[in-house]
Amino acid sequence: MADPADGPSLGMECPACHEPWLRPSSLAGRYRCVSCLHRFELRSVCPHCGEHGTIVRMAGSENVACNVCGGSMLVEV
Ligand SMILES: [Zn+2]
Ligand SMILES: [Zn+2]
């Protein structure tokens, strides 16, 4: 778990290119992939099942999965 190669240098997996380079942007709830440069927004309503997510946003949170269907709450913007 303490492997530096798998540490904070790697972000969330990008839904577009599936590279672990998704980084929070300066805007709250916005993310940008530094690999493919796509931008994503973290939605409060699941784009897959329509369920309202209870987003507990911790520091450096990677909790972007819907807790109902498990899908990503990120949508490309
Ligand atoms: Zn990407
Ligand atoms: Zn869902």
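Residues numbered from 1 in each chain as written. Chains lettered and ligands numbered in written order. Predicted model: local features only at pLDDT ≥ 70, side-chain atom pairs only at ≥ 80, totals over all residues.

## Details of the environment of Ser 72
- When you line up the elements, Ser 72 lands in the loop between strand E3 (39-42) and strand E4 (74-76).
- Measuring from C-alpha to C-alpha, the distance between Ser 72 and Pro 15 comes to 8.0 Å, with 57 residues separating the pair along the chain.
- Setting aside residues no more than four positions away along its own chain, Ser 72 makes contact with Pro 15, Val 64 and Ala 65. (Helix = DSSP H or I, 4+ residues; strand = E, 2+ residues; numbered from the N terminus. Contact = placed C-beta atoms within 7 Å.)

## Some details on the nonpolar core
- Core analysis: the biggest nonpolar cluster contains 11 residues, these being Met 12, Cys 14, Leu 22, Tyr 31, Cys 33, Phe 40, Cys 46, Val 64, Cys 66, Met 73 and Leu 74.
- Setting aside chain neighbours within four positions, we find Cys 66 in contact with Cys 46, His 48, Cys 49, Glu 51, Gly 53, Gly 71 and Met 73. (Core = buried A, V, L, I, M, F, W, Y, C linked by C-beta atoms within 7 Å. Buried ≥ 20, exposed ≤ 12 C-beta atoms within 10 Å, placed from the backbone.)

## Things to note about the pairing of E3
- Pairing analysis gives 3 bridges linking strand E2 (residues 30-33) to E3, with the strands arranged antiparallel. In the strand pairing of E3, Tyr 31 is matched with Phe 40.
- Here E2 folds back onto E3 in antiparallel fashion, the turn holding 5 residues, of which Leu 37 has a positive phi close to 65°.
- Here E3 runs beside E4; their pairing, made up of 3 bridges, is antiparallel. Its bridge partner lying in E4, Leu 42 is registered against Leu 74. (Pairing = 2+ DSSP bridges.)

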